[in-house]
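Report on the structure
Listed below, chain by chain, are the residues.
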Amino acid sequence: MRIVLVGPPGAGKGTQAALLAQTLSIPHISTGDLFRANISQGTELGRRAKEFMDAGQLVPDEVTVGMAQDRMAQPDAAQGFLLDGFPRNITQAEALDGVLRDNGQKLDAVLDLEVPEEEVVKRIAGRRICRKDSSHVYHVEYARPKAEGVCDQCGGELYQRDDDREETVRKRLSVYHSETEPIIDHYKAQGVVTTISALGSVPEVTERAMHVLGQD
Ligand code: AP5
Ligand code: MG
């Protein structure tokens, strides 16, 4: 299956993507995680991306699109993938359309995670992620690790993301509304969008997503 997850910062895209990708046996491709991996490895791409991420802005398309295309071209993505945080504007959505068209493929579903802004603020304020692998996500109240400050999955140190400061979150939300939300209409025109509520427990949201994907 080829799936895109859309939703505001803190909606639970990364949390759901990890669970769904594992159940569906497809790779979870998060452009945010790819940037964070580049930052921790000290690459030139990471250095460029960090400037924009810390300001709550989108990393320029000429950096992002190539990186996402390279990842989608890896052998493990040949049978499908779950995109988390890409595409994030109309230019990126059109670039993805082009890649799929060239390969004779199409998207099976775009899941639009809907969540009120006050919930987003609570989720982001308590989020902790793993220093070794930023796709390992926790919450101090809603998704606690077994040992405080330590990743259950790999023992890495848990920390708060640099872009999770209140001011940056506000900027990320406004960028979401102005640049990312328009891709929902772009995909509605293709008939592949389903909006689901991201409120409730993590398993409840997963169940809704699996139902939409016809996997329940
Ligand atoms: P990215 O890393 O993609 O961040 P984001 O879209 O802002 O989304 P988040 O990762 O903040 O939230 P999420 O929806 O994944 O929620 P999570 O599952 O963690 O992007 C970061 C930056 O990178 C961007 O600002 C941009 O600069 C750059 N970038 C990335 N992609 C780009 C692109 N394509 N183009 C240009 N720039 C790009 O959950 C949040 C918290 O809530 C966690 O603590 C979790 O435990 C908790 N939680 C989850 N579900 C529930 C639930 N049901 N109930 C209670 N708590 C829950
Ligand atoms: Mg995420």
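For the structure itself, look to the data block above.
Residues numbered from 1 in each chain as written. Chains lettered and ligands numbered in written order. Predicted model: local features only at pLDDT ≥ 70, side-chain atom pairs only at ≥ 80, totals over all residues. Heavy atoms only, no water.

In this section: the environment of R131. You can see R131 is positioned in the loop between β5 (127–130) and β6 (137–139). Considered as a pair, R131 and R101 are 30 residues apart in the sequence and their alpha carbons are 37 Å apart. In this structure R131 touches E157 and Y159, once residues within four positions along its chain are discounted. (Helix = DSSP H or I, 4+ residues; strand = E, 2+ residues; numbered from the N terminus. Contact = heavy atoms within 4.5 Å.)

Near ligand 1 you find 34 residues, and of these T15, Q57, R88, R127 and R172 are the closest. One of the backbone N or O atoms of G10 is found 2.8 Å from an oxygen atom in ligand 1. Here a nitrogen atom of ligand 1 and a side-chain polar atom of R123 are 3.4 Å apart. Taking 1,100 Å² as the accessible area of ligand 1 by itself, protein coverage stands at 96%. Every element with two or more residues in the shell around ligand 1 is listed here: α1 (13–24), α2 (31–41) and β6. Examining the composition of the shell around ligand 1, we find that four residues originate from one element, α2, more than from any other. Of the residues that constitute the shell around ligand 1, the class distribution is 13 nonpolar, 13 polar and eight charged. (Near = heavy atom within 4 Å. Polar contact = N/O pair within 3.5 Å; in protein donor to acceptor, adjacent residues only side chain to side chain. Areas by Shrake-Rupley, 256 points an atom, 1.4 Å probe, with all protein chains shown as cover. Nonpolar A, V, L, I, M, F, W, Y, C, P; charged D, E, K, R; others polar.)

Another aspect to go through is the packing of helix α6 (residues 117–125) against helix α7 (residues 166–180). At their nearest, the axes of α6 and α7 sit 12 Å apart, and the two run at 135° to each other. Judged on the interaxial angle alone, α7 and α6 are oblique. Crossing angle aside, the handedness with which α6 passes α7 is right-handed. Along the contact surface, α6 presents E117, V120 and I124, while α7 presents V169, R172, L173 and H177. Residues that form the contact of α6 with α7 fall into these classes: four nonpolar, one polar and two charged. (Axes fitted to C-alpha atoms, helices over the stretch in contact; angles between N-to-C directions. Parallel < 35°, antiparallel > 145°, perpendicular 65-115°, else oblique. Left-handed = near helix turned anticlockwise from the far one by under 90°.)

This part takes up α6. Side chains that are three or four residues apart share a direction in an α-helix, a result of its 3.6 residues per turn. Those residues of α6 lying buried are E119, V120, R123 and I124. Taken end-on, α6 shows its buried residues confined to a sector of 130°, consistent with a single buried face. Looking at the buried side of α6, the elements it contacts are β5, β6 and α7. (Buried < 20%, exposed > 50% of the residue type's maximum accessible area, 1.4 Å probe, protein only. Arc of directions from axis to C-beta.)

Time to look at the sheet that holds strand β1 (residues 2–6). Taken together, the five strands give an open sheet; going across it, the order is β2-β3-β1-β4-β8, and neighbouring strands pair in parallel fashion. In this open sheet, the two edge strands, each paired with only one partner strand, are β2 (28–30) and β8 (193–197). Each neighbouring strand pair of the sheet contributes to a mean axis angle of 25°, computed without reference to strand direction. Bridge analysis of β1 against strand β4 (residues 109–114) gives four bridges, and the strand direction is parallel. For V6, the partnering residue across the bridge sits in β4 and is D112. Across the face of the sheet, α2 comes into contact with β2 and β3 (81–84) while running at roughly 70° to β2. Contacts between helix α9 (residues 202–212) and the sheet are confined to β4 and β8, with β8 contributing the most and set at about 160° to the helix. (Pairing = 2+ DSSP bridges.)

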